[in-house]
Each structure stands twice: as C-alpha cells, then as structure tokens.
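# Examination of the molecular architecture
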Amino acid sequence: MAGRPVDHQRRAELLDAVVDYTVEHGFSDLSWRPVAAALGVSPTTLVHRFGTKEQMLVAILGRLRERIFAATNDAIGEKPDLATAARAVWTRTSDPRRGAEFRLFFAVYGRALQAPEQFAGFLDRVVADWMNALRDAQGPGTDPATATRTATLVIATIRGLLLDLLATGDRDRVQDAAESFLATLEHRDAGHRR
C-alpha cells in the first residue's frame with residue numbers, strides 16, 4: 001500500500017478498539033462506517049490501518065483469539081497438573097465478565113464451520129491454542145496419544161459447558177456439571193501421583 005507507513009502502535013490500539021466494538025455489536029454486520037463512527041475515526045483511517053474489510057476481520061479474530069488464550073494461559077500459570085489447568089480454564093472462560101467475548105467466539109466458530117475457506121486461520125488455531133498447554137499439564141511421562149486424547153476431551157467438555165452456560169444462563173446447573181467433570185480430573189491426577 002502506497003502512502004505513509006503504518007504506525008504499528010496506533011494500529012494495535014485501533015485493533016483493540018475494533019475488537020471491543022465487535023464483542024459488543026457482533027461481526028455479522030461489521031462495516032467501516034459504524035465502526036469508524038464508534039471509534040471517532042474516519043473509514044479511510046480504518047482502511048489505511050487494516051486494508052480490506054476481510055483483512056480487518058482476520059485481524060479481529062486473531063486478536064480475539066490472542067486475548068482469550070492469553071487470559072486463560074495467565075490463569076493456568078506455570079506447570080500445573082491437568083486438573084489445575086482445566087479448573088483455571090473453566091474459571092476464566094465462565095467468568096460472566098467474559099461472556100460477550102465468548103458469545104462472539106461461538107458466533108465466529110459457527111460461521112467458520114459454514115465458510116472454512118474464509119476462516120481457515122481461525123479453525124487451524126481454535127483447538128491448537130489450548131491443546132499444547134493441556135498436553136503439557138499431563139506431564140512428560142504421559143503417552144503422547146493419551147495426552148492428546150485427554151486434552152481433546154477437556155477442551156470439548158469445557159467448550160460444551162460454556163456454550164450451554166451462554167445459551168441457557170443456568171449458571172447453577174452448568175457449574176454443578178463443571179464441578180463434577182473437574183472432580184474426575186482431580187481424582188485422575190491424584191491416582192497418577194501415587
């Protein structure tokens with residue numbers, strides 16, 4: 001793109017603001033003018049910073065994924081066991097203050113399944129982000145195939161519980177189910193430590 005060089009710090013600030021806007025308003029009708037008006041910039045500024053609308057959407061999804069993973073990874077901490085890691089992921093993802101981010105996450109997930117070519121990067125990373133952390137949490141002595149299978153079950157269960165929570169709002173019922181699931185992991189980890 002010809003013209004002045006991109007100010008990467010300003011682009012990052014705008015991207016965070018665009019992500020916040022998208023979390024609040026959704027992405028199905030995302031267009032330059034409403035986003036620009038909400039941020040107090042011109043549509044031209046957004047085009048200069050992000051390129052096409054599709055490039056902006058890719059950037060939004062990348063930053064949303066980074067936010068979700070960073071927040072969860074911070075909660076997991078250094079070298080926990082699987083039960084501790086899974087509990088940290090559940091606690092962070094089920095926090096009501098993060099509900100809007102995860103509603104957007106599931107909306108994108110559904111859309112990505114319908115248009116995999118448009119959302120290939122998102123689909124490639126949607127499971128991979130947490131997979132390594134949850135495999136590592138099982139310890140170096142765990143068979144890699146077993147670690148992958150267990151991590152997959154943890155990710156799928158937590159995402160299913162979270163989707164149920166967001167869809168129904170029945171926090172007591174879903175939290176009870178989550179506690180039951182997490183207790184099985186704690187029991188499993190206790191058995192491995194013997």
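Read on for a plain summary of the structure. (Residues numbered from 1 in each chain as written. Predicted model: local features only at pLDDT ≥ 70, side-chain atom pairs only at ≥ 80, totals over all residues. Heavy atoms only, no water.)

Moving on: empty space enclosed by the protein. The tally for this structure, following the rule as stated, stands at one cavity of 30 Å³ or more. The computed volume of the largest cavity comes to approximately 60 Å³. Taken together, Arg65, Ile68, Phe69, Phe105, Val126, Asp129, Trp130 and Arg159 make up the full set of residues lining the largest cavity. Looking at the lining of the largest cavity, the elements that each hand over two or more residues are helix 4 (53–76) and helix 7 (120–136). Of the residues that constitute the lining of the largest cavity, the class distribution is five nonpolar, no polar and three charged. (1 Å grid on protein atoms, 1.4 Å probe; cavity = no way out; pocket = protein on both sides within 12 Å on 5 of 7 lines; lining within 4 Å. Points joined across faces, edges and corners; volume = space filled by probe spheres on them. Helix = DSSP H or I, 4+ residues; strand = E, 2+ residues; numbered from the N terminus. Nonpolar A, V, L, I, M, F, W, Y, C, P; charged D, E, K, R; others polar.)

Mapped onto the elements of the fold, Val127 is located in helix 7. In sequence terms Val127 and Ala156 are 29 residues apart; their C-alpha atoms lie 9.1 Å from each other. Setting aside residues no more than four positions away along its own chain, Val127 makes contact with Tyr109, Ile155 and Arg159. (Contact = heavy atoms within 4.5 Å.)

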